[in-house]
There are 2 protein chains.
Amino acid sequence: MYVNMCDALKNIRVVLCEPRHAGNIGAAARAMKTMGLDALYLVRPADFPSHEATRRASRATDVLAAARLCDSLHEALSGTALAVACSARTRELAVPAIDARSAALRLAGAAAAQPVALVFGNETHGMTTAEISLCQLIATIPADPRYASLNLAAAVQVFAYELRLAIHGAAPTGTPRTLAGHDALEGFYAHLESALLESGYLNPEQPKKLMQRLRRLYARAGLEQEEVNILRGVVRTLRQPKNIK
Amino acid sequence: MYVNMCDALKNIRVVLCEPRHAGNIGAAARAMKTMGLDALYLVRPADFPSHEATRRASRATDVLAAARLCDSLHEALSGTALAVACSARTRELAVPAIDARSAALRLAGAAAAQPVALVFGNETHGMTTAEISLCQLIATIPADPRYASLNLAAAVQVFAYELRLAIHGAAPTGTPRTLAGHDALEGFYAHLESALLESGYLNPEQPKKLMQRLRRLYARAGLEQEEVNILRGVVRTLRQPKNIK
């Protein structure tokens, strides 16, 4: 199969959630451009545009100028088929964690056909649980557990580097699967949640916990659009009274 | 061969030749520490120690405090068995060029027994020919040829990351998952199939085709026992009439 490398790189969004320091935004833009990435999405940046961002971007000011400003991560992920959350933390997670290299291969494979996103959290607190649950995978850069705190732009550089290697070294095998988009997945989860609330399976006080487990399970599978349709059909039909033919 | 990982990391020097910006020295120290490297050598830095270096080092100020100040690259390389020059430029070179990943493997192998060095040039002009000729290899980070100018600390981060992976190998991340057994899975599929037949979603003449798709989907996810229990709960509950509390 022929994969256009440039197109795959163009399909990869780098999303920074509520970045605090303008310098990091500029340095992230530079890191992206060195690896051929140019789609920067900024969710509620504290300070942008700014002189410091421009200074640290060096000759990647075109990436900054084209950056998309978003009100929410949901908005930044609209239209993507795969979103990977970058996180250093290990904790109770709604989605499975893999290393940066494996994540780059997954993203590169999907980006050959559809938009994907690599999502970074705020410098101080990282990604929130709500932000992570909008992603299908968590990726971690292997680091010294005694001090695993990479600078935000440094983490972008490592991932961008792995993505470039994954795409240029990618020898795709088999037919690429067309994954369901973010909006279709969220539509399915909303449908499932309302059916489970109505039927009494979810505790209305705490519906999120079980939904997190279900999201994690389906995220691992990597659902195609037709599978989402099938699952929605299953949920709809099971709610109907006993079938009479 | 048994390699003490800590010793190998301790045997790797990061040498910055005439760094111009104090911020880059601090950011390089941070990048090193995240990957377990701590031997920083500074050849005639323009501005060190400095407040800016300390600020950008974040919690890697111990690496800065222990940095060795050298009058020449020759001095910084004293006692090393292998020195690798990091350079983005292609030009008439006295030494062979390899990529960052291959260089990391070479350095990791040698560092198991002897001190080695990874050498970075000045931000503006890179490494001089005289500096390069003191090294045995040149290593390049694969980058977009249209803009291959990584920030100095970003380049240190990529090499430090590759060195850690080269020394630790691909260490698995996360806790291994315990998958549900064959009988539990088949029990779930039988339950799902009978519920879907009863509700009319499956064609009783050909129930297998849709079931195959659902099996394939769940097989990709790799279900745990607790997830099988949750899914069976979902199917059971959805079949119940409207919940009355």
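See above for the structure.
So, here's what we can say about the structure. (Residues numbered from 1 in each chain as written. Chains lettered and ligands numbered in written order. Predicted model: local features only at pLDDT ≥ 70, side-chain atom pairs only at ≥ 80, totals over all residues. Heavy atoms only, no water.)

Notes on the pairing of strand S4 (residues 82-86) of chain A
Residue and element names in this part refer to chain A. Spelled out, the test is: Relative accessibility decides the category of a residue: with a 1.4 Å probe and only protein chains considered, values under 20% of the type maximum give buried, values over 50% give exposed, and everything between is partly exposed. A run of H or I in DSSP becomes a helix once it reaches four residues, and a run of E becomes a strand once it reaches two; helices and strands are each numbered from the N terminus. In this description, strands pair whenever DSSP reports at least two bridges between them.
Of all the five residues making up S4, five are buried; the element is thus mostly covered by neighbouring parts of the structure. On S4, burial covers both faces: Leu-82, Val-84 and Cys-86 on one face and Ala-83 and Ala-85 on the other are all buried. Bridge count between S4 and strand S6 (residues 116-120): five bridges; the pairing is parallel. Along S6, the bridge assignment pairs Ala-83 with Ala-117.

Observations regarding the sheet that holds strand S1 (residues 12-17) of chain A
All names here are of chain A. We apply this condition: Convention adopted: a line fitted to C-alpha atoms gives each axis, helices being fitted over their contacting stretch, and angles between N-to-C directions are expressed from 0 to 180 degrees. Any pair of residues with heavy atoms lying within 4.5 Å of one another is described as a contacting pair.
With respect to topology, seven strands assemble into an open sheet ordered S3-S2-S1-S6-S4-S7-S5, the strand pairing being parallel. Two strands close off the open sheet at either side, each with one partner strand: strand S3 (68-70) and strand S5 (97-99). Between one strand axis and the next, the sheet turns by 30 degrees as a mean value, whatever way the strands run. Contacting S1 and strand S2 (39-43), helix H2 (residues 22-34) runs over the sheet at an angle of about 160 degrees to S2.

Observations regarding the nonpolar core
Threshold: In this description, a nonpolar core means a group of buried Ala, Val, Leu, Ile, Met, Phe, Trp, Tyr and Cys residues linked to one another through side-chain atoms lying within 4.5 Å.
Judged by nonpolar contacts, the single largest core of 103 residues is most densely connected at Leu16(A), Leu40(A), Phe120(A), Leu16(B), Leu40(B) and Phe120(B). Not counting residues up to four positions away in its chain, the partners in contact with Phe120(B) are Val14(B), Val15(B), Leu16(B), Cys17(B), Cys86(B), Met127(B), Leu152(B), Ala155(B), Val156(B) and Phe159(B). In terms of nonpolar packing, the next biggest core, distinct from the first, is built from 40 residues, Ala184(B), Leu196(B), Tyr218(B) and Ile230(B) among them.

Examining unusual backbone geometry
When glycine is set aside, most residues are seen to have a negative phi, and most peptide bonds are trans. All names here are of chain A. Here Phe-48 and Pro-49 are connected by a cis peptide whose omega angle stands at -5 degrees. With respect to the helices and strands, Pro-49 occurs in the loop between S2 and helix H3 (51-57). One non-glycine residue, Glu-18, lies in the positive phi region at around 45 degrees. Among the secondary structure elements, Glu-18 is positioned in the loop between S1 and H2. Its identity as a non-glycine residue notwithstanding, Arg-44 has a phi of 45 degrees, on the positive side. With respect to the helices, strands and loops of the structure, Arg-44 is situated in the loop between S2 and H3.

Thoughts on the environment of Ala76(B)
Positionally, Ala76(B) belongs in helix H5 (residues 73-76). The contact partners of Ala76(B), leaving out residues within four places of it in the chain, are Arg13(B), Val15(B), Tyr41(B), Val43(B) and Cys70(B).

Looking at the pairing of strand S2 (residues 39-43) of chain B
Residue and element names in this part refer to chain B. To keep it simple, the criterion reads: A right-handed crossover is one whose linking path, passing over the helix from the first strand to the second, runs clockwise when the strands point away from the viewer.
Most of S2 is tucked away, with five of its five residues classed as buried. Neither face of S2 is left uncovered, since the one carrying Ala-39, Tyr-41 and Val-43 and the one carrying Leu-40 and Leu-42 both have all their residues buried. In this structure, strand S1 (residues 12-17) lies alongside S2, joined through five bridges in parallel fashion. Bridge pairing in S2 links Val-15 to Tyr-41. As a crossover connection, the stretch from S1 through helix H2 (residues 22-34) into S2 is right-handed. Two strands pair when backbone bridges link them, and S2 and strand S3 (residues 68-70) are joined in this way by three bridges, in the parallel orientation. Each bridged residue has a counterpart across the sheet, and for Tyr-41 the counterpart in S3 is Arg-68.

Observations regarding the pattern of salt bridges
Quick reminder of the rule: Salt bridge, as applied in this entry: a Lys or Arg side-chain nitrogen positioned within 4 Å of an Asp or Glu carboxyl oxygen.
Considering all chains together, one arrives at 26 salt bridges over all chains under this definition. Here Lys10(B) and Asp38(B) are joined by a salt bridge, their closest N and O atoms 2.9 Å apart. You can see Lys10(B) sitting in helix H1 (residues 5-10) and its partner Asp38(B) sitting in the loop between H2 and S2, a full 28 residues away along the chain. Through salt bridges with shared partners, a single ionic network connects Arg213(A), Arg220(A), Glu224(B), Glu226(B) and Glu227(B).

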